[in-house]
Amino acid sequence: MKYAEIISADEWDNFVAKRRNEKFHEVSDKNWKRASKPAYPYKKGRTGYARLQQRILTEEKSDATSLPEHVLWKAARVGKDGAVVEAVQNVYDECETLSQTLPSTEVQDCRSVLSRVLNVPEYSGRVRGKGFGVTPSSFYKKPKTKNPTNKEVMETLAELRAQVLQLQNENARYREEMCAPEAKDTSDRASINCQPKFPEGISPCQLYLSSPTYRIVGKGKVHNTSGELLHHNPLPVGYMKVSVDLVLDTDALLPLPDVVSETTLMRDAVGSFVGWPSDLIFPDAETPTRPTHKVGKGISRRIESVASQKEVPGRKLKSAAKDIPTTSGTKSQIMMRLEKMVDESDIMHGAIRSIDFDEGVFGAAHFEIIAKEDMQQLFEHDELGIAVIHTYIWYMYVTLMRGTELCNRFNFIAASRINATLITKNPTSVKNDLVDRFMAAGDNTTPSLYFLPFNSGNGGHWVLVAMDLSRLIVYYLDSLSGDWSKYPSMKKTVDAAIIKFRSKKNYRNRKDITWVRVQCPQQNNSVDYGFFVLRFMRDIIALNRIDIPKMYFEEYKSYSRAHLDEIKDELCQFIVDQRII
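These numbers come from a predicted model, not from an experiment.

Draft legend 1. A look at the sheet that holds strand 1 (residues 201–209). On the basis of which strands lie adjacent, the open sheet formed by five strands has the order 8-5-2-1-9 and antiparallel pairing. The open sheet has two edge strands, strand 8 (273–277) and strand 9 (281–283), and neither has a second partner. Neighbouring strand axes in the sheet, compared pairwise and without regard to direction, differ in orientation by 50° on average. In terms of strand pairing, strand 2 (residues 215–224) meets strand 5 (residues 239–247) through six bridges, oriented antiparallel. Bridging from a neighbouring strand, glycine 220 pairs with valine 244 of strand 5.

The structure is reproduced here in structure tokens:
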């Protein structure tokens with residue numbers, strides 16, 4: 001009867017019934033227990049965030065209308081004596097650091113700086129550290145967007161079509177300028193380089209295809225002799241006879257299938273003769289040779305039909321002898337082509353490219369920024385940074401692993417999340433990131449390797465750490481003398497992450513973690529360590545072998561410049577194919 005003037009009897013009965021409901025009491029008790037021991041106690045009594053903020057602004061005689069969330073959050077946890085507990089101060093300091101590093105556009109979203117540092121689940125419809133009634137839309141004042149009308153959509157499509165047509169015309173004119181007056185072909189089959197003239201006889205060559213994208217698919221030798229026959233039959237007009245020695249795109253279709261042997265794919269043409277369009281054949285500075293067998297020694301120095309080894313019964317990955325020259329010539333055609341594209345792009349004037357990686361590369365969504373400095377590392381054979389390392393890892397995932405069982409045998413860890421600099425700043429966070437990467441890949445009960453390209457900090461030396469979680473083995477590959485004792489904090493963090501991961505999975509630790517120093521090729525200069533790490537991963541994946549013997553690379557005391565140039569050429573071709581520039 002006390003509230004009869006403002007509510008009805010039915011409303012009161014509903015209120016009483018709700019408060020007597022057992023489910024309500026369960027939720028209430030749960031919330032009471034959760035709030036009884038907060039990690040960062042609120043110390044302003046019944047003064048809410050809004051009144052506290054107004055009081056602070058009044059005392060400071062500030063013209064501002066609000067305070068940053070983490071500033072107000074800290075003020076609400078200052079005791080009457082003015083003391084701030086260490087945990088609150090640490091959160092505040094991290095917020096200050098993060099707010100200085102994040103772009104303003106990234107800070108202004110519902111996932112505030114305070115929310116990121118606290119790393120707790122966020123509730124929709126509220127802004128942490130701002131009190132009751134404050135919503136993201138009212139606080140950040142983001143303009144409402146509306147769906148475009150059909151007319152606006154059609155106008156946008158028309159503009160895009162016009163832009164595409166303009167780009168196609170510019171591309172055609174560019175080809176004409178590059179190849180005139182010798183070449184007249186401006187179709188998709190025309191290369192950015194003019195059609196070369198092969199000398200009479202047998203010459204090393206690169207094999208390209210133009211569909212669905214223009215790309216290199218293999219290497220071999222072109223047989224430019226009069227009256228040349230292909231399987232006792234004359235060659236079609238515009239084709240030349242080539243022998244395939246190295247396959248770079250295993251699933252590429254042959255431009256002229258062999259009806260006699262029913263060969264239609266590149267991976268099945270290794271060591272045989274095929275017909276190839278003359279305008280898609282280009283000279284090769286290196287002479288590929290057929291692999292020679294060596295039992296129990298060495299590692300394949302080529303990526304030859306890696307994905308097909310499990311698809312074609314009876315075939316196994318071959319080990320190759322020292323079939324790559326120890327000296328390198330001038331820049332390859334694909335590198336010069338990419339260098340010219342970069343020189344003529346806005347990248348040379350400070351523009352950047354943002355690349356979205358497949359989620360499977362690092363176990364979670366990832367993007368990379370490519371700038372002029374990254375491209376110059378390739379062109380000038382300079383020390384490699386994280387962007388180039390990650391982009392080549394993406395290349396290996398897309399061209400060698402995606403869609404095959406290799407994805408279950410090899411995993412990559414982002415070097416930007418785990419390196420010496422981050423371990424020094426916050427080893428616990430790095431350890432947790434490493435555990436999260438392990439958790440993202442499944443149960444890890446079958447042998448597999450996690451590749452971690454580890455940087456010693458501040459753009460320093462690169463090493464490769466390969467972890468086998470099922471057998472508790474960590475392989476250490478360093479192109480300079482020494483072992484993991486040079487990076488004790490890295491070893492401690494890796495060991496702790498493996499132990500925590502196995503604990504979360506309830507796996508029994510049957511033995512200690514074993515670290516193995518692999519006798520790998522050693523560099524003879526001060527810039528090649530990044531290239532060596534990429535080559536280590538490439539060769540291990542090519543061999544498709546999880547266990548790495550100590551003398552895994554005993555054929556090579558060092559990688560030649562030609563070995564490293566292969567890495568650069570593959571990455572340059574991939575960048576062109578993905579249209580990054």
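Next comes the rest of the account.
Draft legend 2. Quick peek at a nonpolar patch on the surface. Taken together, Tyr3, Ile6, Trp12 and Phe15 make up a surface patch of nonpolar side chains, about 430 Å² in accessible area. Secondary-structure assignment places tryptophan 12 in helix 1 (residues 9–20). The class for tryptophan 12 is partly exposed, based on a relative accessible area of 36%.

Draft legend 3. Here's a closer look at helix 3 (residues 49–59). Those residues of helix 3 that fall on the buried side of the exposure criterion are Tyr49, Leu52, Gln53, Ile56 and Leu57. Considered in projection along helix 3, the buried side chains sweep an arc of 130° and stay on one side of the axis. Residues of helix 3 that are exposed and point more than 90 degrees away from the buried face comprise Ala50, Arg51 and Glu59. Contact partners of the buried residues in helix 3: helix 4 (69–75).

Draft legend 4. Spatial organisation of helix 10 (residues 333–343). For helix 10, the set of buried residues is Ile334, Met335, Arg337, Leu338 and Val342. Axial view of helix 10: buried residues confined to an arc of 160°, hence all on one face. Looking at the buried side of helix 10, the elements it contacts are strand 1, helix 12 (372–379) and helix 18 (561–577).

Draft legend 5. Examining the sheet that holds strand 13 (residues 449–455) more closely. In space, the five strands of this open sheet follow the order 12-13-14-15-16, with mixed pairing throughout. Of all strands in the sheet, those with a lone pairing partner are strand 12 (410–412) and strand 16 (514–517), marking the two edges. The mean angle between the axes of side-by-side strands here comes to 25°, regardless of whether they run parallel or antiparallel. Across five bridges, strand 14 (residues 462–468) lies against strand 15 (residues 473–477) in antiparallel orientation.

Draft legend 6. How the structure looks around the side chain of arginine 215. Note that arginine 215 resides in strand 2. Given the relative accessible area of 10%, arginine 215 is considered buried. Once you skip the residues sitting within four places of it in the chain, arginine 215 turns out to touch Leu207, Tyr208, Leu209, Asp249, Ala252, Gln573 and Asp577.

Draft legend 7. Main features of the packing of helix 13 (residues 386–401) against helix 18. Two elements in contact, helix 13 and helix 18, have axes whose closest approach is 10 Å; the angle formed by their N-to-C orientations is 75°. Taken together, the axes of helix 13 and helix 18 are roughly perpendicular relative to one another. On helix 18, the residues touching Val388, Thr391, Tyr392, Trp394, Tyr395, Val398 and Thr399 of helix 13 are Ile567, Glu570, Leu571 and Phe574.

Draft legend 8. Spotlight on the nonpolar core. By size, the foremost hydrophobic cluster in this structure holds 85 residues, and its most contacted members are Trp276, Phe412 and Phe451. Apart from residues lying up to four places away in sequence, tryptophan 276 is in contact with Leu207, Tyr208, Leu209, Val217, Gly238, Tyr239, Met240, Val242, Leu254, Pro255, Met266 and Ile281. Judged by nonpolar contacts, the second largest core, of 27 residues, contains Val435, Leu469, Leu472 and Ile513.

Criteria and cut-off values
Residues numbered from 1 in each chain as written. Predicted model: local features only at pLDDT ≥ 70, side-chain atom pairs only at ≥ 80, totals over all residues. Heavy atoms only, no water. Pairing = 2+ DSSP bridges. Helix = DSSP H or I, 4+ residues; strand = E, 2+ residues; numbered from the N terminus. Axes fitted to C-alpha atoms, helices over the stretch in contact; angles between N-to-C directions. Patch = residues over 30% accessible without salt bridge, like charges linked within 9 Å, V, L, I, M, F, W, Y side chains within 5 Å. Areas by Shrake-Rupley, 256 points an atom, 1.4 Å probe, with all protein chains shown as cover. Salt bridge = Lys/Arg side-chain N within 4 Å of Asp/Glu carboxyl O. Buried < 20%, exposed > 50% of the residue type's maximum accessible area, 1.4 Å probe, protein only. Arc of directions from axis to C-beta. Contact = heavy atoms within 4.5 Å. Parallel < 35°, antiparallel > 145°, perpendicular 65-115°, else oblique. Core = buried A, V, L, I, M, F, W, Y, C linked by side-chain atoms within 4.5 Å.

Taken by themselves, the reported measurements are silent on function.
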